[in-house]
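Structural overview
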Amino acid sequence: MVNHAGQSEGSSVSVEALRASTFSEQCRATIGPFLELIRGTIVRVCGPAPQAQDLHRALEIDTTLAWKLMRAAFDSDLFVAATYLPGPRGCSIFGKAAASVLDDQRVVERIEPLSDAYQRFIKLHAGDRDSFETMLLAHAEAGLSDVPLARRKEAFKANGGIWGVQTRLLGGMFFVRPNTEFPQMVDMVVMTGLVDLRCLRPHVEWPICWSRWSNDGGELRRTDGGIAVDPSNEPMSPPILREFCSKPLPSMRWADAADGQSACLLTDLGVGDTAMRTVTTAEYMPTVAPRFRDPKNTSAEFAVTVRAPAEMLLLDVLVEEDTFALVDREPEVAIVSRLHEATTPQRLLRHPRNLLPISEKVEVVRASPRSCEFQPWGELSNAYQSVSDRLGWSMDRFTLHRLILPFPILPSSVVMSFPLQEATPLSAARGTSLDASRV
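Residues numbered from 1 in each chain as written. Predicted model: local features only at pLDDT ≥ 70, side-chain atom pairs only at ≥ 80, totals over all residues. Heavy atoms only, no water.

A few words now on the pattern of salt bridges. Taken as a whole, this structure holds 15 salt bridges when the rule is applied. In this structure, E321 engages R366 in a salt bridge whose closest nitrogen and oxygen atoms are separated by 3.7 Å. Taken as a pair, E321 in the loop between strand 12 (312-320) and strand 13 (332-337) and R366 in strand 15 (residues 363-366) lie far apart in primary sequence, 45 residues in all. Among the residues examined, R366 registers a relative accessible area of 45% and is labelled partly exposed. One salt-bridge network, in which partners are shared between bridges, spans R177, E320, E321, R366 and R397. (Salt bridge = Lys/Arg side-chain N within 4 Å of Asp/Glu carboxyl O. Helix = DSSP H or I, 4+ residues; strand = E, 2+ residues; numbered from the N terminus. Buried < 20%, exposed > 50% of the residue type's maximum accessible area, 1.4 Å probe, protein only.)

That bond from K247 to P248 is cis: its omega, -5°, falls within 30 degrees of zero. You can see P248 is positioned in the loop between strand 6 (227-228) and strand 7 (251-256). Here the residue pair L410 and P411 is connected by a cis peptide bond, since its omega of -5° sits within 30 degrees of zero. Within the secondary structure, P411 is located in the loop between strand 16 (398-406) and strand 17 (412-419). Positive phi is not limited to glycine here, since A49 has a value of about 50°. Residue position: A49 is located in the loop between helix 2 (23-46) and helix 3 (52-59). For A49, a relative accessible area of 68% translates into the label exposed. With a phi close to 55°, D268 is a non-glycine residue in the positive phi region. Tracing the sequence through the fold places D268 in the loop between strand 8 (262-267) and strand 9 (277-290). For D268, a relative accessible area of 69% gives the class exposed.

This brings us to the nonpolar core. If you look at the biggest cluster of nonpolar residues, it comprises 41 residues, and the most contacted ones within it are F302, L315, V317 and F324. If you list the elements that add at least two residues to this core, you get strand 1 (165-178), strand 2 (185-199), strand 8, strand 9, strand 11 (299-306), strand 12, strand 16 and strand 17. Sorting elements by how many residues they give to this core places strand 2 first, with six residues. For V317, the contacting residues outside a window of four places in its chain are F174, V176, F302, T399, L400, H401, M416 and F418. (Core = buried A, V, L, I, M, F, W, Y, C linked by side-chain atoms within 4.5 Å. Contact = heavy atoms within 4.5 Å.)

Confidence in the prediction of the chain, expressed as mean pLDDT, is 84, and 82% of residues score 70 or more. Per-residue pLDDT stays below 50 along residues 1-13; that stretch engages in 18 contacts with residues further than four places along the chain or on separate chains. Segment residues 426-439: pLDDT under 50, and 83 contacts once partners within four positions in sequence are set aside and those in other chains are kept. (pLDDT = per-residue confidence, 0-100.)

Quick look at the environment of E360 now. Along the chain, E360 turns up in the loop between strand 14 (355-356) and strand 15. The class of E360 is buried, set by a relative accessible area of 17%. Here the side chain of E360 touches R152 through a polar contact of 3.3 Å, side chain to side chain. (Polar contact = N/O pair within 3.5 Å; in protein donor to acceptor, adjacent residues only side chain to side chain.)

In contact at an axis separation of 9 Å, helix 7 (residues 106-125) and helix 8 (residues 129-138) are set at 85° when each is read in the N-to-C sense. The pairing of helix 7 with helix 8 is recorded here as roughly perpendicular in orientation. Two secondary-structure elements touch here, helix 7 through Y118, F121, I122 and H125 and helix 8 through R129, F132, M135 and L136. When its residues are assigned to classes, the contact of helix 7 with helix 8 shows six nonpolar, one polar and one charged. (Axes fitted to C-alpha atoms, helices over the stretch in contact; angles between N-to-C directions. Parallel < 35°, antiparallel > 145°, perpendicular 65-115°, else oblique. Nonpolar A, V, L, I, M, F, W, Y, C, P; charged D, E, K, R; others polar.)

Mapped onto the elements of the fold, L194 is located in strand 2. What makes L194 buried here is its relative accessible area of 1%.

Across its twelve residues, helix 11 (residues 380-391) extends 17 Å between first and last C-alpha, which sits within 8% of the 16 Å expected from 1.5 Å per residue. Listing the buried residues of helix 11 in full gives L380, S381, A383, Y384, S386, V387 and S388. Against strand 1, strand 2, strand 9, strand 12 and strand 16 lie the buried residues of helix 11. G392, located one to two residues past helix 11, shows a positive phi value of around 75°. (Expected span 1.5 Å × (residues − 1).)

Next up on the list: the sheet that holds strand 7. The sheet built from three strands is open, its strands ordered 3-8-7 with antiparallel pairing. Each edge of the sheet is formed by a strand with only one pairing partner; in this case those strands are strand 3 (206-207) and strand 7. Of the strand pairs in this sheet, strand 3 and strand 8 are connected by two bridges, and their pairing is antiparallel. Paired with P207 across the strands is L265, a residue of strand 8. (Pairing = 2+ DSSP bridges.)

Turning our attention to the sheet that holds strand 16. Here seven strands make up an open sheet; going across it, the order is 6-9-2-1-12-16-15 and the pairing mixed. Edge positions in the sheet fall to strand 6 and strand 15, since each of these pairs with one other strand and no more. Bridge count between strand 1 and strand 2: 13 bridges; the pairing is antiparallel. Bridge assignment links P178 to a residue of strand 2, and that residue is V186. Each of strand 1 and strand 16 touches helix 9 (residues 149-163); the most contacted strand, strand 1, lies at about 110° to it. Sitting on the sheet, helix 11 is in contact with strand 1, strand 2, strand 9, strand 12 and strand 16, with an inclination near 145° to strand 2.

Let us look at the environment of V336. With respect to the secondary-structure elements, V336 resides in strand 13. Look at V336 and you get buried, because its relative accessible area is 0%. V336 sits 15 residues away from H351 along the chain, and the two C-alpha atoms are 9.6 Å apart.

What follows deals with the packing of aromatic side chains. If you walk through the whole model with that rule in mind, you get 16 aromatic pairs. Geometrically, the ring pair formed by F175 and F398 is edge-to-face, given 5.5 Å between the ring centres and 80° between the ring planes. Taken together, the residues span a long stretch of sequence, with F175 in strand 1 and F398 in strand 16 at a distance of 223 residues. In terms of burial, F175 and F398 fall into one category: buried. Taken together through their ring pairs, the aromatic side chains of F23, F34, Y118, F121 and F132 make up a single cluster. (Phe/Tyr/Trp six-rings, centres within 6.5 Å; stacked < 30°, edge-to-face > 60°.)

Written out as structure tokens, the structure is:
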């Protein structure tokens, strides 16, 4: 809170002086002495090398409060330590208990002003504790490794209410292998899945999928679709994999989308759990992109763009052996903001300000009907086997790269990247970045 004299309440530091220093400098000046006071008081009470249980017993305070105080006092990173500082009530309990045990009322006189200053500091910079802790962790040595799961879950619920739609699982799945006739190119199957899509209000239409193919510079390579894996689909109809969709299928229609593309929309959807739908698509894309690197393209990317509030995202990339370099290792993953829709995912990756933190890891295993099983989507492994059988591919020649992301952030693209192999003079080709699945 700032008073009308332009001073931070309870402090002689002017707002102008605060603006002249960085946030991290202000944290060290304001929070550092508070942490030092707590650490020194704990050592006076418990002696050197104390444990949370020692503090709990000595002061007869709540075990959770004792644990928070220990983390705040002894974490080596100030910005992490500050996230464990108790609120005013907890600090008051600690100060009074320590003053009683030490028979030193000056403990309270020192702790309460610093606690009050810390609360004013939070209000000045963030307004609330949650936002402030996000700011602190972003300045920590390890950085903000993830957007907390609780916040992502809250966003899922809120976005479902806003947009009137939710899905239990959003899936983007890819098979990739060298083309037999033109081994410098790759063939691909692009699969998408909306599992247990439900509408919370009537008259909602939602896209199933559409494709975009570009090189690293964002130049559009092609907008035409592939070949439906399921031969029962009529020409120009969506590439539905009917065996793995709920019955009856919802109505669908084509609509114009950006960059001259067309999107297939689900229409006439009912409301609530009794009208939930599962829709799976599968397209075969022969010779869709080059296999080798060149000066403009160094990696192949596979992306799922989050456009529906989802409880879980699944990104599976099944790569046949020798297609890309280091296929048996964990590929790079990123969550890329889609707030700036005109910028392609690859270009966005070059701007750290548009990268969202992620801590989830990619599982890498040899593909098989068993390893491809996924409990939240019981039919997924059977769908993979059906696709590979239809195309005459052997699943055991592929390596599965699987990323599972609870409550994916809307709007964003979840991207998995593989380094491309060096090209020979005869096989050099252009254009390798793939953003092939948007739901």
